[in-house]
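# A look at the structure
Read off the chains here:
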Amino acid sequence: MTTQLTARPTGQMIIAGVPVAGTGTEVRGFNPATGETLEPAFHYGDESHVDAACAAAAEAFGPYRATTAEQRAQFLETVAAGIEAIKAELVARAVAESGLPEARITGEVGRTTGQLRLFAAVLREGSWNGARIDPAQPDRSPLPRPDIRQRAVPLGPVAVFGASNFPLAFSVAGGDTASALAAGCPVVVKAHDAHPGTSELVGAAITRAVAQTGMPAGTFSLLFGSGPGLGTALVTDPRIKAVGFTGSRYAGTALVAAAAARPEPIPVYAEMSAVNPVFLLEGALRARGAEIGTAFVGSLTMGSGQFCTNPGLVLAVDGPGLADFLTAAESALVGVAATPMLTPGIAAGYAKGVATLRAESTLVAQGRPADNETSCQAALFSADAQTFLASEALQAEVFGAASVLVRCADIDEMVRVAAALEGQLTATVHAEESDYGVAAKLLPVLELRAGRILFNGWPTGVEVGYAMVHGGPYPATSDARTTSVGARAIERFLRPVCYQDVPSALLPSAIADGNPDRIWRRVDGQLSRD
């Protein structure tokens, strides 16, 4: 039975539709723009709450995975409509808990509901099933071929960790939750302490959608707790079969290790760390160096630099065009006001990172000074390529509006630096047609280092669609074969099953004779809807 959930934060967790009060450490929302502590108080849950949520998810898995693609699509659309129904209060609360502008949060609401509706469309389109049929060939010589069919099935209950920097789009109803629910997996979310009220509001909207569409109550639960405590207990619970995470490298690798140490190891899809290099080629600098410099600062300082795709590294060959870039970047940067960071802890980490960059490189320019300890003063540093390659600190991510310009002696040195970089979410190239020969030399290197390569743009801002990849080689993510944004994110929570000589009456509809679902299938190697 689902207890009535209010439209305002109450300070409670939600386990299988029922509001539950934690008894552990108190946490409250905090407005980094004003320093105000927000009501109500929330309290951490403990292992008993993890057990209850996981037990409910395990009980729900059978009936939830048995729902049709259309039923799950309608469920996701109901979640989206429920979030839109509380948009005004949700935006106000998220702004208060993050210090982010109202326009940014309003856009994030749209992205969140858009993701949910994207996965509804993915479910209806049907290719996520991976349906394949190799018809029997009883007369084949020297051996007959049996009837072999394949489709994808959900892994089981999934644990999702809400991110600090996207209170909505990478949080309770974000891409990890949407794709897991689309796959047929119940979800247990560990909300982030940075936005507890926002998390509860969204969790309540999902819970209402569960009830409205007749899904099992354990399809969704929302918990609060520490990462090392409740988070580890959640990841190591034997009923959890996969994990979605967005956050720091330290926390992500700890979860990967905990999941790998289980008697039954499970996949952890962790998005963790990237500096997202930007390569400025000679022709682009000569043609529009000043324009690029101004746009770079806009991307760097957006949202106080608290984007996983923030351009934390710029590479260019010393020359006249680079001077135009630097002049414009310095001019734009010195006028940028210090802006609030998401939490005091994130602000302290940024200040520490900037101090390290200052010690290891040369300060080029800074934004306006901060008047409190929770604001971000943007900064640009510079180092030659040899200094950069010799310094682990210069290559590490600083979460916030800080970037390092690496000055290369020539293109060959730029390529060597690119090849030495860790895995990245993105790599950006600014090039004119005269640069295409150099770009062609750089591109194969970047393919091995990044999940998304873009030209003449900026990495901040991730389009949600069918072709997007938001992932990359370690440490950008823990599994470079996947994406956390876009239609293919559903594949993380599915596995293939082969059906050999299964009687027609027992075949799942996706691979049944006559194609009752009317989806595209690969029949004897050929795509067909017959």
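Not measured: the values here are computed from a predicted model.

Across its full length, the protein carries 15 helices and 23 strands. Relative to its length of 530 residues, the protein is compact, with a C-alpha radius of gyration of 25 Å against a globular reference of 24 Å. Once the C-alpha set of the protein is aligned to its principal axes, its extents read approximately 75 × 65 × 40 Å. A burial count over the protein gives 55% of its 530 residues as buried. For the protein, long-range pairs separated by at least 24 residues make up 76% of all intrachain contacts whose partners lie at least 6 apart in sequence. Summing over all exposed atoms, the protein offers an accessible surface of approximately 20,800 Å²; the carbon and sulfur share of this is 55%. In the protein, the 39 positive side-chain charges and the 51 negative ones have mean positions that sit 5 Å from each other.

With that out of the way, let us pick up the domain arrangement of the protein. One can read the domain layout of the protein as domain 1 (13-272 + 481-492) and domain 2 (277-455). For domain 1 versus domain 2, the separation of C-alpha centres amounts to 33 Å. Summed over both sides, the interface between domain 1 and domain 2 buries roughly 1,100 Å², with carbon and sulfur atoms accounting for 61% of that surface. For domain 1, the biggest contributors to the area lost against domain 2 are Pro 32, Asn 165 and Glu 271; these three give 36% of the whole. Taken together, domain 1 and domain 2 are joined by 1 salt bridge. Of the charged contacts, one joins Glu 422 and Arg 249 as a salt bridge, the two residues approaching to 2.8 Å between their closest N and O atoms. In this assembly, domain 1 and domain 2 are joined by 3 residue pairs in polar contact (both at pLDDT 80 or more).

To continue, consider the confidence of the model for the protein. Chain-level pLDDT for the protein is 96 on average; 99% of the residues reach the 70-or-more range. Taken together, the stretch residues 1-5 has pLDDT below 50 and engages in 12 contacts with residues farther than four places along the chain or on a different chain.

Core analysis: the largest hydrophobic core is formed by 142 residues, its most contacted members being Phe 75, Ile 83, Ile 206, Phe 279, Phe 296, Phe 325 and Ile 490. For this core, the leading source of residues is helix H4 (residues 102-125), giving 8 residues. With residues up to four places along the chain from it excluded, the contact list for Phe 75 reads Tyr 64, Leu 181, Ile 206, Ala 209, Val 210, Thr 213, Met 215 and Thr 219. Formed by 9 residues, the second largest nonpolar core is a distinct cluster that contains Val 497, Tyr 499, Ala 510 and Ile 519.

What holds strands together in a sheet is hydrogen bonding between their backbones, with the strands either parallel or antiparallel. Within the open sheet, the 7 strands sit side by side as S2-S1-S9-S8-S7-S10-S11. Their pairing is mixed. Looking at which strands have only one partner, the edges of the open sheet turn out to be strand S2 (18-20) and strand S11 (268-271). Each adjacent strand pair in this sheet contributes to an overall mean axis angle of 20 degrees, direction not counted. Bridge analysis of strand S7 (residues 158-161) against strand S8 (residues 187-190) gives 4 bridges, and the strand direction is parallel. Bridge pairing in S8 places Val 160 opposite Val 189. Running at roughly 170 degrees to S8, helix H5 (residues 175-183) makes contact with S7, S8 and strand S10 (242-246) of the sheet. Its contacts with the sheet put helix H8 (residues 249-260) on S7, S10 and S11, and the angle it makes with S11 is roughly 170 degrees.

Residues of S11 alternate between two faces, with Val 268 and Ala 270 on one and Tyr 269 and Glu 271 on the opposite face, all of them buried. For the handedness criterion, the β-α-β arrangement of S10, H8 and S11 is classed as right-handed.

For helix H15 (residues 436-447), built from 12 residues, the straight-helix expectation of 16 Å at 1.5 Å per residue is met to within 8% by its first-to-last C-alpha distance of 16 Å. Here H15 has its buried residues at Ala 439, Leu 442, Val 445 and Leu 446. All buried residues of H15 lie within an arc of 120 degrees about the axis, which places them on one face of the element. Among the exposed residues of H15, those pointing more than 90 degrees away from its buried face are Gly 437 and Glu 447.

Our focus in this paragraph is unusual backbone geometry. Ser 141 connects to Pro 142 through a cis peptide bond whose omega is 10 degrees. Structurally, Pro 142 can be placed in the loop between strand S5 (132-134) and strand S6 (148-154). Put simply, Tyr 474 and Pro 475 share a cis peptide bond, and its omega is 5 degrees. Inspection of the secondary structure assignment puts Pro 475 in the loop between strand S20 (450-455) and strand S21 (494-500). A positive phi angle, near 50 degrees, is found at Asn 276, a position not held by glycine. Following the sequence through the fold, Asn 276 ends up in the loop between S11 and strand S12 (277-280). Here Ser 304, not a glycine, exhibits a phi torsion of approximately 60 degrees, which is positive.

Another point: the packing of aromatic side chains. If you walk through the whole model with that rule in mind, you get 8 aromatic pairs. A centroid spacing of 5.9 Å and a plane angle of 70 degrees characterise the contact between Phe 161 and Phe 245, whose relative ring orientation is edge-to-face. Here Phe 161 is found in strand S7, whereas its partner Phe 245 is found in strand S10, with 84 residues between them in sequence. For Phe 245, a relative accessible area of 7% puts it in the buried group. Seen from their ring centres, Tyr 269 and Phe 493 are 5.8 Å apart, and the 90 degrees between their planes marks the pair as edge-to-face. Of this pair, Tyr 269 sits in strand S11 while Phe 493 sits in the loop between S20 and S21; the two residues are 224 residues apart in sequence, bridging distant segments of the chain. Across the pair, exposure class does not vary: Tyr 269 and Phe 493 are buried alike. Among the aromatic residues, those joined into a cluster by ring pairs are Phe 166, Phe 170 and Phe 307. When the ring centre of Phe 166 is taken as origin, the NZ or CZ atom of Arg 104, which lies over that ring, is 4.6 Å away.

In the numbering adopted here, UniProt assigns the feature "domain: Aldehyde dehydrogenase" (unreviewed entry) to residues 25-465. Annotation note: span residues 25-465, helix share 46%, strand share 20%, distance between end C-alpha atoms 39 Å.

About the criteria used
Residues numbered from 1 in each chain as written. Predicted model: local features only at pLDDT ≥ 70, side-chain atom pairs only at ≥ 80, totals over all residues. Heavy atoms only, no water. Helix = DSSP H or I, 4+ residues; strand = E, 2+ residues; numbered from the N terminus. Rg over C-alpha atoms; globule rule 2.2 N^0.38 Å. Buried < 20%, exposed > 50% of the residue type's maximum accessible area, 1.4 Å probe, protein only. Contact = heavy atoms within 4.5 Å. Areas by Shrake-Rupley, 256 points an atom, 1.4 Å probe, with all protein chains shown as cover. Lys, Arg positive; Asp, Glu negative; His and termini not counted. Charge placed at Lys NZ, Arg CZ, Asp CG, Glu CD. Domains from an automatic or database assignment. Buried area = accessible area lost by both parts, 1.4 Å probe. Salt bridge = Lys/Arg side-chain N within 4 Å of Asp/Glu carboxyl O. Polar contact = N/O pair within 3.5 Å; in protein donor to acceptor, adjacent residues only side chain to side chain. pLDDT = per-residue confidence, 0-100. Core = buried A, V, L, I, M, F, W, Y, C linked by side-chain atoms within 4.5 Å. Pairing = 2+ DSSP bridges. Axes fitted to C-alpha atoms, helices over the stretch in contact; angles between N-to-C directions. Right-handed = clockwise from strand over helix to strand, strands pointing away. Expected span 1.5 Å × (residues − 1). Arc of directions from axis to C-beta. Phe/Tyr/Trp six-rings, centres within 6.5 Å; stacked < 30°, edge-to-face > 60°. Lys NZ or Arg CZ within 6 Å of the ring centre and 35° of its normal. UniProt positions renumbered as here; feature names shortened; annotations may be inferred.

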